[in-house]
Amino acid sequence: MKRLPSHIAVIMDGNGRWAKQQGQPRVYGHRHGVESVRQVTEACAELGVPWLTLYAFSTENWARPRTEVDALMSLLVETIKQEIDTLNKNNIRLQAIGDLAQLPSSTLEALQFAIDNTAANDRMTLVLALNYSARWEMVRAARLLAQRCVDGQLTPDAIDEQSFAAALTTAQMPDPELLIRTSGELRISNFLLWQLAYTELYFTQVFWPEFRKTHLYRAILDFQGRERRFGKISEQISG
Ligand code: FPP
C-alpha cells in the first residue's frame, strides 16, 4: 500500500474477441466491458489510487462499422448517466480528454453534465479518453504554442518540456506510472505518447470483459516489483 501508482492508465482491449468466443456480437463484449470499468474504478478508489485514465474511444475507432460506433456512443451515454450517483457517493470526479467537440451531441451533453456534477469530488479522478489520440493531442499543443508565439506571448526558445506538457489535454494530471493493456496485444495504439515516456507497461492476456479487481491487484504488485531508474543507474536509485 506504500507504493501505489499515482496514476494508472488502461487500454481496455479485447471486447470484440471475447464476444466472438461467446458466439455473440461485438457489442455484447462492450456491454460486459462496463462491469470491468466499474470493478477497476472501485478497486482504485478503495486502494487510494488518485488517477485512473481509461481509453474508451480513439479517433481511429470512427472507422469501425457504423452500428458498432453508434452502439458504443449509446453505451457511453447510458453508462455515464447511470453511474453519476455512484461516482458522487464515492467522491469520484469524472473528467475527459480528447477531441470532445466532435462527439455526438447526446454523448457530449451527458458527459459534460457528469463532469460538472462531479467536479467537486476529490477522492479520485476518473478520466475517460474519448475521441482521443496522442498525435491529435500533440499537434493541438504545437498549434496552441505556435499561436502564443504569433500573439507575442511566447518565444520559440522559451518552449520547453514543461510548457509543452502544459499545452496537452493532461496538463493538470500526473503522468501515468502504470499502463495496463488487456487482451495480449503489445502496442500503445496512439495513447498518451508523451505522458508514457517513463511509465511501466503491463500486458495481460485477459480480455477486458473478464478483467476483475484481482487482475488489477496483480498488475499493481508487478509494478511494485520493478525498479524505476528514470535513466539513472541502480545504485543511484537505491542510495
Ligand atoms: C476495445 O475492444 C474496446 C473499445 C474500443 C471500447 C471500450 C469501451 C467500453 C469498455 C465500454 C464503455 C466504457 C466506459 C468508460 C463507460 P475491441 O473492440 O477493440 O476488441 P477486439 O480487439 O477484440 O476487437
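In what follows, the structure referred to is the one given above.
Residues numbered from 1 in each chain as written. Predicted model: local features only at pLDDT ≥ 70, side-chain atom pairs only at ≥ 80, totals over all residues. Heavy atoms only, no water.

1. Focus on the overall build of the chain
Counting secondary structure elements, the chain contains 8 helices and 6 strands. By the compact-globule yardstick of 18 Å for 239 residues, the chain fits well, its C-alpha radius of gyration being 18 Å. By its C-alpha atoms, the chain is 55 × 45 × 35 Å across when sized along the principal axes. Considering the chain as a whole, with its 239 residues, one finds that 46% of them fall into the buried category. The contacts of the chain with a sequence gap of at least 6 include a subset with a gap of at least 24, amounting to 76%. Surface exposure of the chain reaches about 12,500 Å², of which carbon and sulfur atoms provide 51%. Seen as two clouds, the 26 positive and the 27 negative side-chain charges of the chain have centres 4 Å apart. (Helix = DSSP H or I, 4+ residues; strand = E, 2+ residues; numbered from the N terminus. Rg over C-alpha atoms; globule rule 2.2 N^0.38 Å. Buried < 20%, exposed > 50% of the residue type's maximum accessible area, 1.4 Å probe, protein only. Contact = heavy atoms within 4.5 Å. Areas by Shrake-Rupley, 256 points an atom, 1.4 Å probe, with all protein chains shown as cover. Lys, Arg positive; Asp, Glu negative; His and termini not counted. Charge placed at Lys NZ, Arg CZ, Asp CG, Glu CD.)

2. Focus on the pairing of strand S5 (residues 178-181)
The two faces of a sheet get side chains in turn, since along a regular strand they alternate between them. Residue alternation in S5 divides its side chains into two sets, Leu-178 and Ile-180 and Leu-179 and Arg-181, and both sets are buried. Pairing of S5 with strand S6 (residues 200-203), which is carried by 4 bridges, proceeds in the parallel orientation. Bridge pairing in S6 places Leu-178 opposite Glu-200. (Pairing = 2+ DSSP bridges.)

3. Quick look at the packing of aromatic side chains
We describe a pair of aromatic rings using the distance from one ring centre to the other and the angle between the two ring planes. Scanning the model with the defined rule gives 8 aromatic pairs in all. Between Tyr-132 and Phe-191 the ring centres are 6.0 Å apart and the planes differ by 90°, which places this aromatic pair in the edge-to-face class. Of the two residues, Tyr-132 is situated in strand S4 (residues 124-132) and Phe-191 in the loop between S5 and S6; the sequence distance between them amounts to 59 residues. The class of Tyr-132 is buried, set by a relative accessible area of 0%. Members of the aromatic cluster, connected to one another through ring pairs, are Tyr-55, Tyr-132 and Phe-191. Across from the ring centre of Phe-223, 5.5 Å away, lies the NZ or CZ of Arg-3, which sits over that ring. (Phe/Tyr/Trp six-rings, centres within 6.5 Å; stacked < 30°, edge-to-face > 60°. Lys NZ or Arg CZ within 6 Å of the ring centre and 35° of its normal.)

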